[in-house]
Amino acid sequence: MAHQWRGVIREYADRLPVTEATKVITLGEGGTPLVHAQKLSELTGSEVYLKVEGMNPTGSFKDRGMTMAMTAAVEAGAKAVVCASTGNTSASAAAYATAAGLKCAVLVPEGKISMGKLSQAIAHGATLLQVDGNFDNCLDIARKLGEAYPVFLVNSVNPARIQGQKTGAFEVVDSLGDAPDIHVLPVGNAGNISAYWKGYKEYSAPFETANGTLPAVSTKTPIMWGFQAAGAAPFVAGHPITEPDTIATAIRIGNPASWDTAVAARDESGGLIEAVTDDEILAAHRWLSAKEGVFVEPGSAAGVAGLIKKHAAGEVPAGKTIVITVTGHGLKDPQWALRTEDGSDVQPVKVPNDVVTVAAELGLEEN
Ligand code: AN7
């Protein structure tokens, strides 16, 4: 019988802060495909893989952390959860709160989240408030609500989120048989780069559990390469940005909560965090859909944009193994696929209900 994936908590229970008594809130997240990227591999001369996180239950990597956060919320006896979000966290929180039977409130920046994510939060019955401010302002309010009101904060400042998200690194190693040489990913609030680094470090050393010590799984840790949108690149600036701006709304964040752990991931791994422009992000978005067959949302393409940019600068080594996390599904924010490179709208070709005309339009000649 085929193995049915049981969600990241049950699959990696011995490496997560849960016990047998824990009531697990899961929608079957994780176990996402590691897809060999043919054209990026040809381009770079390295073996490039995509960790396709859009295949999670709500369409983004956030579900890995949310299963842990919602499980912790239930364990703590919470009745309601709250989060700030650029969209994906709110979609995930709303779905997992529903599964947990908890109320969910989400704070999003007005006019700056994609339609797909907005519709998910609404569909799952969250109370959605559009704040007259950016993500960083939303997170300030959410933190204060968590401190002074009876609501449980499920943003990645909650360590349970990072615990769940570190399983992405475990899956990469379990698929490849060892850690890659370089791991590339987009950076927004910086939880994910922190979580992957934690996961890679834990898998590369003996790990203490309640039931004894687990041996190291990997022989090494990767170099971590993070990429931010140029208009929202506080790590590149070296300080928070008060007015972050980018078309990649998922990563439109100026004051990342996981600042110190992201800097540690960068520096301990000998890596970097650099910026890519919106045009580079959209070019990578097109590359993924048109050359690899993988449809992601723009923010998710920042890592690929970074790899292409570093390659053009002659800074990507050949003969290595490179994994890029593509963080969210293209259907979250599909409008970008319907634009041509010069920014005009794609116009679908209309044809009459007639096979000869359709064949002619397709350039087919009768056999
Ligand atoms: C598709 O949903 O911050 O650096 O509130 O949705 O761990 O923040 C989303 C972030 C990358 C950045 N790709 O990850 C939110 C939110 C996608 C994202 C990121 C996000 P972090």
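Reading guide: rules and limits
Per chain, residues are indexed from 1 in the order of the written sequence. Selection of residues for local features in this predicted model requires a pLDDT of at least 70, selection of side-chain atom pairs for listing and counting requires 80 or more, and totals for whole chains, interfaces and linings are taken over all residues. Think of the side-chain values as coming from all heavy atoms in the structure, minus any hydrogens and water. Fitted lines through C-alpha atoms serve as axes, helices being fitted only where they are in contact, and the angles separating the N-to-C directions of these axes extend from 0 to 180 degrees. Every helix listed is a DSSP run of H or I at least four residues long, and every strand listed is a run of E at least two residues long, numbered separately from the N terminus. Between 65 and 115 degrees an angle is taken as roughly perpendicular, under 35 as roughly parallel, over 145 as roughly antiparallel, and anywhere else as oblique. In this scheme, a crossing is called left-handed if the near helix is turned counterclockwise away from the far one by less than a right angle; it is called right-handed if the turn is clockwise. Contacts are assigned to residue pairs that have any heavy atoms within 4.5 Å of one another. Gly is placed with the polar residues, together with every amino acid not listed as nonpolar (Ala, Val, Leu, Ile, Met, Phe, Trp, Tyr, Cys and Pro) or charged (Asp, Glu, Lys and Arg). A cavity, in this analysis, means grid points on a 1 Å lattice covering only the protein atoms where a 1.4 Å probe fits yet has no way out; a pocket is instead an open set bounded by protein on both sides within 12 Å along at least five of seven lines, and a residue lines either one if it has an atom within 4 Å of a point. Grid points are joined across faces, edges and corners, and a volume is the space filled by probe spheres set on the points. If a single non-hydrogen atom of a residue is within 4 Å of a molecule or strand, that residue counts as near it. In protein, a polar contact requires one atom able to donate a hydrogen and another able to accept it; more generally it is a pair of N or O atoms within 3.5 Å, and residues adjacent in sequence count only if both atoms are side-chain atoms. Note on areas: Shrake-Rupley, 1.4 Å probe, and residue coverage restricted to the protein chains presented here. To be counted as sitting in a cavity or pocket, a molecule needs more than half of its atoms within 2 Å of that site's grid points. If DSSP finds at least two bridges between two strands, the strands pair.

1. Description of the packing of helix α8 (residues 167-176) against helix α9 (residues 191-203)
For step 1, the next point in the chain: Taken N-terminus to C-terminus, the directions of α8 and α9 make an angle of 50 degrees; their axes are 7 Å apart at the nearest point. As far as their axial angle goes, α9 and α8 are oblique. The chirality of how α8 crosses α9 is right-handed. Touching G168, A169, F170, V172, V173 and D174 of α8 are Y196, G199, Y200, E202 and Y203, all from α9.
For step 2, the next point in the chain: Its residues assigned to classes, the contact of α8 with α9 comprises seven nonpolar, two polar and two charged.

2. Notes on the layout of surface pockets
For step 1, the next point in the chain: In this structure, the largest pocket encloses a volume near 280 Å³.
For step 2, the next point in the chain: If you go around the largest pocket, you meet 13 residues; those closest to its centre are A13, D14, V18, T19 and E20.
For step 3, the next point in the chain: Of the residues assigned to the lining of the largest pocket, the class counts are six nonpolar, four polar and three charged.

3. Focus on empty space enclosed by the protein
Here the idea is plain: a probe the size of a water molecule rolls over the atoms and shows the empty space left.
For step 1, the next point in the chain: Evaluated as defined, the whole model comprises one cavity of 30 Å³ or more.
For step 2, the next point in the chain: What lines the largest cavity is a set of 28 residues, among which F61, K62, G188, N189 and A250 lie closest to the centre.
For step 3, the next point in the chain: At the level of secondary structure, the elements contributing two or more residues to the lining of the largest cavity comprise α4 (88-100), α7 (159-165) and α9.
For step 4, the next point in the chain: Broken down by element, the residue count for the lining of the largest cavity peaks at three residues, all from α9.
For step 5, the next point in the chain: Taken together, the residues of the lining of the largest cavity sort by class into ten nonpolar, 15 polar and three charged.

4. Re the site of the ligand
For step 1, the next point in the chain: The local shell around the ligand holds 21 residues, among which N88, T89, G188, N189 and T327 are the closest.
For step 2, the next point in the chain: Between the ligand and the protein, one listed contact pairs an oxygen atom with a backbone N or O atom of G191 at 3.2 Å.
For step 3, the next point in the chain: Across the complex, the protein chains shield 99% of the 470 Å² of accessible surface that the ligand would expose by itself.
For step 4, the next point in the chain: Mapping the ligand onto the cavity grids shows that it belongs to the largest cavity.
For step 5, the next point in the chain: Secondary structure elements with two or more residues in the shell around the ligand: α4 and α9.
For step 6, the next point in the chain: Its residues assigned to classes, the shell around the ligand comprises seven nonpolar, twelve polar and two charged.

5. A word on the sheet that holds strand β11 (residues 272-276)
For step 1, the next point in the chain: Strands sit in the order β1-β2-β12-β7-β10-β11 across an open sheet of six strands; the sheet is mixed. Edge positions in the sheet fall to β1 (34-36) and β11, since each has one partner strand and no second. Strand-to-strand twist in this sheet, taken as the mean axis angle between neighbours without regard to direction, amounts to 25 degrees.
For step 2, the next point in the chain: When strand β2 (residues 47-52) meets strand β12 (residues 321-326), the two strands line up parallel, connected through six bridges. Note on β12: the bridge partner recorded for E47 is T321.

Just geometry here; none of it tells us what the structure is for.
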